Amino acid sequence: MCVLSTSGTALAKDPGGSQFDVEGSNSADGGRTLESRIVFTGATGGGEEGNSGGFTPTSDWSPPACWYEPKWTPAEFADEFRKRWDIPHASGVGEAYQLSQDHYINGEPYKDFNKKETGKGIWWDSVRDEKRAEAGDPAAFACDTKTFWVENGDTPNVENAVTPEVLAQLAYARIKVPDTSVTLAPANTTKVNLPTWAWLDKAKFGEVSVTASLAVGGVNIQATTTATPVSLSLEPGTPDAETYPASGECTINADDSIGEPYAKGKADQTPPCGIKYLRSSGDGTYSLQATITWDVTWTGTGAAGGKLPSGTFGNDQAVTVQEIQSVNR
């Protein structure tokens with residue numbers, strides 16, 4: 001049971017409905033919460049310069065907001081159980097406490113936390129994504145199965161029990177991609193009816209990946225999720241504009257760049273990727289949105305792997321558009 005006491009009121013839940021967070025640093029919080037044992041490495045951001053936010057799936061799919069993973073040996077679970085039920089005089093929990101004692105201690109179905117099976121398996125419990133829980137996402141509270149025993153080598157028949165694929169999905173949620181700030185020519189300030197070239201160099205962006213690893217008891221699995229940029233979408237920020245190509249979707253080149261840098265002598269050419277504004281921005285600016293679409297794949301323990309939903313990430317750039325000045329004689 002997970003017990004949180006506030007203002008003298010005891011709140012209790014069966015194991016499986018516990019409050020856990022998911023930073024992967026494996027530290028405890030006052031004996032009440034236990035962080036995920038999953039460790040994330042790679043392009044997870046973490047305040048690194050040049051990384052900005054995660055990307056959004058292009059479909060309604062989202063990574064798991066809660067899941068189950070191996071947590072405790074029998075002795076460790078016995079200690080955890082006692083910590084969670086350290087409320088001997090709290091009202092309203094006596095019946096729940098007795099039910100839990102029967103379930104894990106008195107042989108209905110487990111006896112003495114399964115200590116006789118030490119070394120043959122491990123106790124599993126739920127973990128939830130605290131950010132999604134704090135946002136009120138109901139999916140974060142869906143893992144309400146009681147703490148359960150799993151023999152070494154067995155895969156739990158429970159939805160969202162950690163597997164290489166679930167690890168890959170959790171890694172997806174932690175990928176941080178570079179800012180999508182395109183190079184423009186003319187830069188930042190352009191003229192009405194003048195084609196503005198837009199491009200992204202290979203050196204400024206490329207594939208990113210995150211590896212999720214879990215090594216607890218007899219469970220030792222990992223998965224790597226990789227996002228690869230495939231196209232750039234330009235939205236001018238006003239209907240008074242045209243894009244190149246007309247769809248506004250600039251595909252990736254053979255050298256992994258997008259678009260083509262402007263160079264002297266190309267003034268009369270149509271840019272392969274760019275915008276032409278048809279009206280001045282006046283005293284303000286237009287908000288050009290540049291969005292990269294990323295293909296996402298994963299590989300994992302046991303030669304597992306496959307595709308995950310594509311994702312997008314974009315930035316806004318302020319563009320000033322001026323009238324071309326002419327002199328009447």
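Procedures and definitions
Residues numbered from 1 in each chain as written. Predicted model: local features only at pLDDT ≥ 70, side-chain atom pairs only at ≥ 80, totals over all residues. Heavy atoms only, no water. 1 Å grid on protein atoms, 1.4 Å probe; cavity = no way out; pocket = protein on both sides within 12 Å on 5 of 7 lines; lining within 4 Å. Points joined across faces, edges and corners; volume = space filled by probe spheres on them. Nonpolar A, V, L, I, M, F, W, Y, C, P; charged D, E, K, R; others polar. Helix = DSSP H or I, 4+ residues; strand = E, 2+ residues; numbered from the N terminus. Buried < 20%, exposed > 50% of the residue type's maximum accessible area, 1.4 Å probe, protein only.

Draft legend 1. Region of the structure containing empty space enclosed by the protein. Evaluation of the coordinates by the stated rule reveals 1 cavity of 30 Å³ or more. What lines the largest cavity is simply Pro178, Asp179, Thr180, Leu200, Phe205, Ile292 and Trp294. Classifying every residue of the lining of the largest cavity gives 5 nonpolar, 1 polar and 1 charged.

Draft legend 2. Region of interest: unusual backbone geometry. Of the consecutive residues Glu108 and Pro109, the connecting peptide bond is found in the cis state with omega at 15°. Its place among the elements puts Pro109 in the loop between helix H2 (94–104) and strand S8 (121–128). Here the residue pair Ala185 and Pro186 is connected by a cis peptide bond, since its omega of 0° sits within 30 degrees of zero. As for its placement among the helices and strands, Pro186 is situated in the loop between strand S10 (183–185) and strand S11 (189–191). The phi dihedral of Asp112 is positive, around 50°, even though this residue is not glycine. Mapped onto the fold, Asp112 is located in the loop between H2 and S8. A relative accessible area of 34% means that Asp112 is categorised as partly exposed.

Draft legend 3. Region of interest: the layout of surface pockets. The computed volume of the second largest pocket comes to approximately 210 Å³. Forming the walls of the second largest pocket are 16 residues, and the residues nearest its centre are Trp124, Gly153, Asp154, Thr155 and Val219. Elements represented by at least two residues in the lining of the second largest pocket include exactly S8, strand S9 (148–151) and strand S14 (219–235). Residue contributions to the lining of the second largest pocket peak at 3 residues, all from S14.

None of the figures reported here should be taken as evidence of function without further support.
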